[in-house]
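Breakdown of the fold
Residue-level listing of the chains:
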Amino acid sequence: MTVSTSPSLSTYLAHNWQGGHESLSQEYDYAIEDIDGDIPAGLHGTLFRNGPGLLDVNGTPLKHPFDGDGMICAIRFQQGKAHFRNRFVRTAGYLAEQAAGKILYRGVFGTPKPGGLLANAFDINFKNIANTHVIYWADKLLALWEADQPYRLDPSTLETLGLEDFSGLLKPGDPFSAHPRILPSDDGDRLVNFAIKPGLSSTVKIFEFDRSGEVVHQQQFAIPGFAFIHDFAVTPNYYIFFQNPVTLNPIPFLFGLKGAGECISFQPQNPTKVWLLPRGSGQPQQLATDACFVFHHANAYEAEGQVIVDSVCYDTFPTLESGVDFRNIDFDTVPPSTLWRFRIDPEAATVKKTPLITRPCEFPTLNPAQVGRDYRYVYLGTTDSSVGNAPLQAILKRNLQTDQEQLWSAAPQGFMGEPVFIPKPDATGEDQGWLVALVYDGDRNRSDVVILDAAQVDQGPIARLHLQHHIPYGLHGSFTPTVFNT
Ligand code: FE
């Protein structure tokens, strides 16, 4: 069934949405007992989720949520029951600022230190905030932030164990992207990740880890110019990178006037460069498509000599206007993000771009067995209304072969986080799994964990787990079928 929603420009109340941008300073550890519906008996494992937990430091508000210290949530599912725990990543910067009771570091996205220009000018020290993603791989739980090394945590207690260097692979301060992908293979799954050190010319490093955590392959190549690349895609034969058409003017940053992220400007007259790097060995091929800004790719695969990439695109780099508090943002001024399909023909050196989903959407996900392969279903967070821009309030499932859609909306009081796809243990079909997401309930100032049957998204949650508190809007998470008991 194709969903058609009636146009609406007021699907939520601003004060309800703003509540999800409040800090959660407390750390919890409890069995979740307030549940509507039933947790499926086959849902066994742990969902980890990362995101900014603090939107202020001792009462001083941050200028951008992306500057907030990383806080990990662990939701454990076992025999139809669930348990919740959250802990901050005790990064060096978090510990120093909490001890000092004030902001000590300039935020990448514009949060200044107190003390005005004198305090901020020529201070280029960043705080690793470990707030973007969390993965469990080869017995290591890792909190990721793309500009620095990951922090390793105890998967049972979420205690911070320290910086991870993968046996010397990363040197102090080395970047490590927050968007690794697990490429399934008959020869053994690989965790594939990249790292970019931006500069006048940017070096892209690629690492592949096997299931034991050994680095089994490395490649690198140079990209001319400044590169702001948050995510990538991988297929059995290619790594794919989209180099957004942006420039960085470091002067306002150096003089303490702006955060580094605020010095990025979109160049609509320039194309988005598409880099195709043969996996294994070979030279990168540079292609181009119309200017757009991409944070996230849904998936990529190879078909009949072409490489297909599905990506969430913005018409321009989404920045805050100067002086605007992000809590009061007018969504009509934010460029909507929509899903596009790019067909890359390496022989002809062409990229053809077609729209897949034209309503605002973000946080694409899929069945992990289909990463790098042709796939039928993509799931995303989306707006309640199909027109206009607004916060994410719904989950959309799209059948990419038939264009049929299913939608479940938590509007008006609910605000949707990233859905994570968890395959059913006995799954034989691509959509046989569950979608689990955190939904902030602005009416109650609490968050819910919602579990949907991925085959029947439009039926709504089969279980809704009410937490005892709210969780600030977060970023990315992942599931492991391992249960960690303490
Ligand atoms: Fe991301």
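Cut-offs used in this document
Residues numbered from 1 in each chain as written. Predicted model: local features only at pLDDT ≥ 70, side-chain atom pairs only at ≥ 80, totals over all residues. Heavy atoms only, no water. Helix = DSSP H or I, 4+ residues; strand = E, 2+ residues; numbered from the N terminus. Rg over C-alpha atoms; globule rule 2.2 N^0.38 Å. Buried < 20%, exposed > 50% of the residue type's maximum accessible area, 1.4 Å probe, protein only. Contact = heavy atoms within 4.5 Å. 1 Å grid on protein atoms, 1.4 Å probe; cavity = no way out; pocket = protein on both sides within 12 Å on 5 of 7 lines; lining within 4 Å. Points joined across faces, edges and corners; volume = space filled by probe spheres on them. Nonpolar A, V, L, I, M, F, W, Y, C, P; charged D, E, K, R; others polar. Salt bridge = Lys/Arg side-chain N within 4 Å of Asp/Glu carboxyl O. Donors = N, O, S within 2.8 Å, 3.2 Å for Na, K, Ca; no water. Tetrahedral: all angles 85-135°; square planar, octahedral: opposite > 155°, others 65-115°. Patch = residues over 30% accessible without salt bridge, like charges linked within 9 Å, V, L, I, M, F, W, Y side chains within 5 Å. Areas by Shrake-Rupley, 256 points an atom, 1.4 Å probe, with all protein chains shown as cover. Pairing = 2+ DSSP bridges. Phe/Tyr/Trp six-rings, centres within 6.5 Å; stacked < 30°, edge-to-face > 60°. Lys NZ or Arg CZ within 6 Å of the ring centre and 35° of its normal.

Looking only at helices and strands, the protein has four helices and 35 strands in total. Here the protein has a C-alpha radius of gyration of 21 Å; the compact-globule value for 486 residues is 23 Å, and the two agree. Taken along the three principal axes of its C-alpha coordinates, the protein extends 60 × 55 × 50 Å. Evaluated residue by residue, the protein yields a buried proportion of 56% over its 486 residues. The contacts in the protein between residues at least 6 apart in sequence include a share of 59% that link residues at least 24 apart.

Tallied over the entire structure, the rule returns three cavities of 30 Å³ or more. Here the largest cavity defines a volume of roughly 120 Å³. Lining the largest cavity are 15 residues; nearest its centre among them are D67, Y105, G107, K127 and I129. Tallied by class, residues from the lining of the largest cavity come to seven nonpolar, three polar and five charged. Computed from the structure, the second largest cavity encloses a volume of approximately 70 Å³.

Time to look at the pattern of salt bridges. Under the definition given, this model contains 21 salt bridges. Taking the shortest distance from any N to any O, the salt bridge between D69 and K127 comes out at 3.0 Å. A residue pair is termed long-range when its members are at least 10 positions apart, and D69 in the loop between β5 (60–61) and β6 (71–78) and K127 in the loop between α3 (116–120) and β8 (133–137) qualify at 58 residues. Across the pair R279 and E208 runs a salt bridge, and its minimum N-O distance is 2.6 Å. Placement of the pair is R279 in the loop between β20 (272–278) and β21 (285–289) and E208 in strand β14 (residues 201–209), with a sequence separation of 71 residues. Each of D441, R444, D448 and R464 takes part in one network of salt bridges that share partners.

Moving on to the coordination of the iron ion. The protein atoms donating to the iron ion are H179 (NE2), H230 (NE2), H296 (NE2) and H476 (NE2), with metal-donor distances spanning 2.0 to 2.1 Å. Coordination at the iron ion is irregular, judged from the four donor atoms that bind it and the angles of 90 to 158° they form at the metal. Each donor residue of the iron ion lies on one chain, and together they are spaced H-x50-H-x65-H-x179-H. Here H296 lies in strand β22 (residues 293–303) and H179 lies in the loop between β11 (160–163) and β12 (181–183), a separation of 117 residues in the sequence.

Once that is clear, we can look at a nonpolar patch on the surface. Taken together, the side chains of L117, F122, I251, F255 and L257 present a nonpolar region at the surface, about 530 Å² in accessible area. Using a relative accessible area of 56% as the deciding quantity, one classes L257 as exposed.

Our next topic: the pairing of strand β24 (residues 337–345). A large share of β24 lies buried, amounting to seven of its nine residues. Hairpin connection, β24 to strand β25 (residues 350–357): the antiparallel pair is bridged by four residues, and A349 has positive phi, about 55°.

By the definition in use, this model includes 33 aromatic pairs. Look at Y12 and F415: their rings are 5.9 Å apart centre to centre, the planes differ by 85°, and that puts the pair in the edge-to-face class. You can see Y12 sitting in the segment before α1 (14–18) and its partner F415 sitting in strand β30 (residues 414–416), a full 403 residues away along the chain. Judged by relative accessible area, F415 falls into the buried class, the value being 2%. A centroid spacing of 6.0 Å and a plane angle of 45° characterise the contact between F48 and F484, whose relative ring orientation is tilted. Residue F48 is located in strand β3 (residues 45–49), and its partner F484 is located in the segment after β35 (477–480); the two are separated by 436 residues in the primary sequence. Note on accessibility: F48 and F484 belong to one class, buried. Site record: aromatic cluster; members linked through ring pairs are Y12, W17, F331, F415, Y440 and Y473. Its guanidinium or amino end placed over the ring of W340, K353 lies 4.5 Å from that ring's centre, counting from NZ or CZ. When the ring centre of Y377 is taken as origin, the NZ or CZ atom of K397, which lies over that ring, is 4.5 Å away.

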